[in-house]
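Spelled out, the chains give:
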Amino acid sequence: MTPQATDWNEYYRNAFPLSRLTRAISVRILLNALRRAGLAERRALRIAELGAGDSRFAELVVHAFDCAEYHALDNNAEMLSRLSERLPFVIPHAVDLRNGAPELRADLAFSMGLIEHFDEAGTERVLRAHFRCVAPGGLVAVMQPTPTRSYRAVRFCAERLRIWKFPDERPLRDDEVLAAAERCGGVPLDRRISPIGLTQTLLLFRKP
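As a starting point, this report considers the structure included with it. Residues take numbers from 1 onward in each chain, read along the sequence in its written order. Confidence filtering applies because this is a predicted model: local features only for residues at pLDDT of at least 70, side-chain atom pairs given and counted only at 80 or more, and all residues used for totals across whole chains, interfaces and linings. Values reported for side chains reflect all heavy atoms of the structure, with hydrogen atoms and water molecules removed beforehand.

1. Some remarks on the overall build of the protein
Put simply, DSSP H or I for four residues or longer makes a helix, DSSP E for two residues or longer makes a strand, and each gets a number counted from the N terminus. Counting its secondary structure elements, the protein contains 7 helices and 7 strands. For the protein, the sequential pattern of α-helices and β-strands runs α-α-β-α-β-α-β-β-α-β-α-α-β-β. As a reference, a globule follows 2.2 Å times the number of residues to the power 0.38, and the radius of gyration itself is taken over C-alpha atoms. Its C-alpha radius of gyration of 16 Å places the protein within 12% of the 17 Å reference for a compact globule of 208 residues. The buried label goes to any residue with under 20% of its type's maximum accessible area, the exposed label to any with over 50%, and the partly exposed label to all in between, with areas taken from a 1.4 Å probe on protein chains only. Looking at the 208 residues of the protein, the share that counts as buried comes to 50%. Only the protein chains shown count as cover for residues, and all accessible areas are computed by the Shrake-Rupley method using a 1.4 Å probe. Accessible area for the protein stands at about 10300 Å²; split by element, carbon and sulfur atoms hold 51% of it. Only four residue types enter the charge count, namely Lys and Arg as positive and Asp and Glu as negative; His and the chain termini do not. Note that the charge is assigned to NZ on lysines, CZ on arginines, CG on aspartates and CD on glutamates. On the protein, the mean spot of the 30 positive side-chain charges and the mean spot of the 26 negative ones are 4 Å from each other.

Have a look at this one:
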């Protein structure tokens, strides 16, 4: 049976109770990995956030790096409109990433909690969209949940309390993501895991 899709409008109106904490930890992990990869040494960056919705990462990423353009890609026009009103510097793109993405020739394409909301084929198509967005030599970063014991325990409790908001979330093992990225031509650069109950793993790649 196909799981019910996550209601992202409801999520942004009433976020999952742990989201603020997990976002703070996740963005720190992301920024540290990108600095280690040398992104802070580049100037006038073009950055693309996939599955941006009403992004809670855009301001932090723009503040951390010399960003000339920030592109937000999502299929939810309402959330992109809210984001554009809140952050006028954002360039919105209403697009279903399963069908591809524009060739933005970005220095970085990243997503935080996106690729796990699809079946295996959909995950690979959306990952391929990341690589399509970046220029040769650009970086692709994806963060997704990992099926550790602690992840399963926290999710089990949240589901029983009826506060779990992601019915279609499919925690991913590294080998699935790495194999899909390899088929997209990605070269692995870094792996970092978040120290939280709902375990998240960041994987960083370079486009040859």
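Anyway, onward from the coordinates.
2. Description of helix 5 (residues 120-133)
An ideal rise of 1.5 Å per residue puts 20 Å on 14 residues; helix 5 measures up with 21 Å between its terminal C-alpha atoms. If you check which residues of helix 5 are buried, you get Gly122, Thr123, Glu124, Val126, Leu127, Ala129, His130, Phe131 and Cys133. Of the surrounding secondary structure, the elements contacted by the buried residues of helix 5 are strand 1 (45-50), strand 2 (67-74), strand 4 (106-112), strand 5 (134-145), helix 7 (174-183) and strand 7 (200-206). In a helix, the anticipated span is given by 1.5 Å times the number of residues less one. When checking whether two residues touch, look at their non-hydrogen atoms; a contact exists if any pair is within 4.5 Å.

3. Side note on the pattern of salt bridges
Any carboxyl oxygen of Asp or Glu that lies within 4 Å of a side-chain nitrogen of Lys or Arg is treated as forming a salt bridge with it. Going through the model one piece at a time under the given rule, you end up with 15 salt bridges. The salt bridge involving Arg132 is made with Glu103; its shortest N-O contact spans 3.2 Å. Within this pair, whereas Arg132 is found in helix 5, its partner Glu103 is found in the loop between strand 3 (90-94) and strand 4, the two being separated by 29 residues in sequence. Under the relative-accessibility criterion, Glu103 is labelled exposed at 56%. Here Glu124 and Arg128 are joined by a salt bridge, their closest N and O atoms 3.5 Å apart. Linking Glu124 with Arg128, this pair stays in helix 5, spanning 4 residues, or about one helical turn. The exposure class assigned to Glu124 is buried, which follows from its relative accessible area of 17%. Look at the salt bridges and you will find they share partners, linking Asp54, Arg56, Glu59, Arg82 and Arg86 into a network.

4. Some points on the pairing of strand 2
Along strand 2, 6 of the 8 residues are buried, which leaves the element largely enclosed by surrounding structure. Bridge analysis of strand 1 against strand 2 gives 6 bridges, and the strand direction is parallel. The partner of Ala48 across the bridge, within strand 2, is His71. Judged from the 5 bridges that link them, strand 2 and strand 3 form a sheet pairing that is parallel. Following the sheet pairing, Ala72 is matched in strand 3 by Pro92. Strand pairing is assigned whenever DSSP detects at least two bridges linking the two strands.

5. Concerning the packing of aromatic side chains
Only Phe, Tyr and Trp rings are paired, with Trp represented by its six-membered ring, and only when their centres lie within 6.5 Å; those with planes under 30 degrees apart are stacked, over 60 edge-to-face, the remainder tilted. A full pass over the atoms with the stated rule returns 4 aromatic pairs. An angle of 85° between the planes, with centres 5.3 Å apart, marks the rings of Trp164 and Phe166 as edge-to-face. Given the relative accessible area of 13%, Trp164 is considered buried. One aromatic cluster is present, built from ring pairs that chain together Tyr151, Trp164 and Phe166.

6. Thoughts on the environment of Val95
Here Val95 is to be found in the loop between strand 3 and strand 4. Residues contacting Val95, with those up to four places away along its chain left out, are Leu73, Asp74, Asn75 and Gly100.

Read these as spatial facts, not as claims about activity.
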